[in-house]
Amino acid sequence: MHLIEKLERELGKKKTPTIHVGDTVEVHYLIKEGDKERVQLFIGMVIAHKGRGIRRMVTVRRIVQGEGVERSFPMHSPRVKDITITRRGKVRRAKLYFMRDRVGKQTRVTELLGDKVRREREFEKALRASMDEASATPVEVGS
């Protein structure tokens, strides 16, 4: 294992939620006002994510007073206290930048409900388990 991977495992959060593009999330973000700190909610739709490991970033978009606001949150930042998924969205794109041009009802995304969400979660668990097994088994390099 490389030195950077070891550092990422030590410094990163142990558990982060599985977030997909199109999901509506609540990001509990710690902000500082003067000498006080408080947790502020940022509720919006995930339009993009990039990076991997400890460098993972999620871009969340919301509409405030008719104006679109986007923020990028580092998933493993100590300032991000919690990320809660409120709705699962069904989209066919990796980046939803086209949502910037849309307003009103055009910004709606089909919601995944019932069995679809359950099947998706089972698939993610199986995928994670197989990835954990692959990373746990030592790989021997021939000479």
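Residues numbered from 1 in each chain as written. Predicted model: local features only at pLDDT ≥ 70, side-chain atom pairs only at ≥ 80, totals over all residues. Heavy atoms only, no water.

Quick rundown of the overall build of the chain? Include the residues and the values.
Counting secondary structure elements, the chain contains two helices and seven strands. The helix and strand sequence of the chain, counted from the amino end, reads α-β-β-β-β-β-β-β-α. For the C-alpha atoms alone, the extent of the chain along its principal axes is close to 65 × 45 × 25 Å. Residue burial in the chain is summarised as follows: out of 143 residues, 26% are buried. For the chain, contacts bridging at least 24 residues in sequence account for 53% of all contacts bridging at least 6. As displayed, the chain has an accessible area near 10,900 Å², and 52% of this comes from carbon and sulfur atoms. (Helix = DSSP H or I, 4+ residues; strand = E, 2+ residues; numbered from the N terminus. Buried < 20%, exposed > 50% of the residue type's maximum accessible area, 1.4 Å probe, protein only. Contact = heavy atoms within 4.5 Å. Areas by Shrake-Rupley, 256 points an atom, 1.4 Å probe, with all protein chains shown as cover.)

Report on the pattern of salt bridges, specifying residues and quantitative values.
Two side chains that carry opposite charge are able to pair once their charged atoms sit near each other. Scanning the entire structure with this criterion turns up seven salt bridges. Here Arg 88 makes a salt bridge to Asp 23, at a shortest N to O gap of 3.0 Å. Separated by 65 residues along the polypeptide, Arg 88 in the loop between β5 (80-87) and β6 (89-90) and Asp 23 in the loop between α1 (3-11) and β1 (24-33) bring together distant segments of the chain. Residue Arg 88 shares its accessibility class with Asp 23, and that shared class is buried. Linked by salt bridges that have partners in common, Arg 61, Glu 70 and Arg 100 make up one network. (Salt bridge = Lys/Arg side-chain N within 4 Å of Asp/Glu carboxyl O.)

Please set out a nonpolar patch on the surface residue by residue, giving values where relevant.
On the surface, Leu 3, Leu 7 and Leu 11 cluster together to form a nonpolar patch covering roughly 330 Å² of accessible area. As for its placement among the helices and strands, Leu 3 is situated in helix α1. Residue classification places Leu 3 among the exposed positions, given a relative accessible area of 63%. (Patch = residues over 30% accessible without salt bridge, like charges linked within 9 Å, V, L, I, M, F, W, Y side chains within 5 Å.)

Could you give an account of the pairing of strand β4 (residues 67-74), naming the residues involved and the relevant values?
Pairing of strand β3 (residues 57-64) with β4, which is carried by eight bridges, proceeds in the antiparallel orientation. Counted as the bridge partner of Ile 63 is Gly 68 from β4. Between β3 and β4, which pair antiparallel one after the other, the connecting turn spans two residues, and Gln 65 there sits at a positive phi close to 50°. (Pairing = 2+ DSSP bridges.)

Would you mind going over the sheet that holds β3 in detail, with residue names and values included?
The five strands lie next to each other as β4-β3-β2-β1-β5, forming an open sheet whose pairing is antiparallel. Edge positions in the sheet fall to β4 and β5, since each has one partner strand and no second. Taking the axes of each pair of neighbouring strands and ignoring which way they run, one obtains an average angle of 40° across the sheet. Relative to β5, β1 runs antiparallel, the two being bridged by six bridges. Considered in β5, the bridge of His 28 is made with Asp 82. (Axes fitted to C-alpha atoms, helices over the stretch in contact; angles between N-to-C directions.)

Now, about the packing of aromatic side chains: what can you tell me, with residues and values included?
Scanning all chains against the criterion turns up two aromatic pairs. Counting every residue linked through ring pairs, the aromatic cluster contains Tyr 29, Phe 42 and Phe 73. Looking at Arg 62, its charged tip hangs above the ring of Phe 42, at a distance of 5.1 Å from the centre. (Phe/Tyr/Trp six-rings, centres within 6.5 Å; stacked < 30°, edge-to-face > 60°. Lys NZ or Arg CZ within 6 Å of the ring centre and 35° of its normal.)

Describe the environment of Asp 23, and please don't skip the residues or the numbers.
Relative accessible area serves as the criterion here: at 0%, Asp 23 is assigned to the buried category. Put simply, Asp 23 and Val 91 are 68 residues apart on the chain and 9.1 Å apart in space, counted from C-alpha to C-alpha. What Asp 23 contacts, discounting residues up to four positions off in sequence, is Thr 18, Gly 44, Met 45, Val 46, Ile 85, Arg 87, Arg 88 and Gly 89. Side-chain polar atoms of Asp 23 contact the backbone nitrogen of His 20, separated by 2.9 Å. (Polar contact = N/O pair within 3.5 Å; in protein donor to acceptor, adjacent residues only side chain to side chain.)

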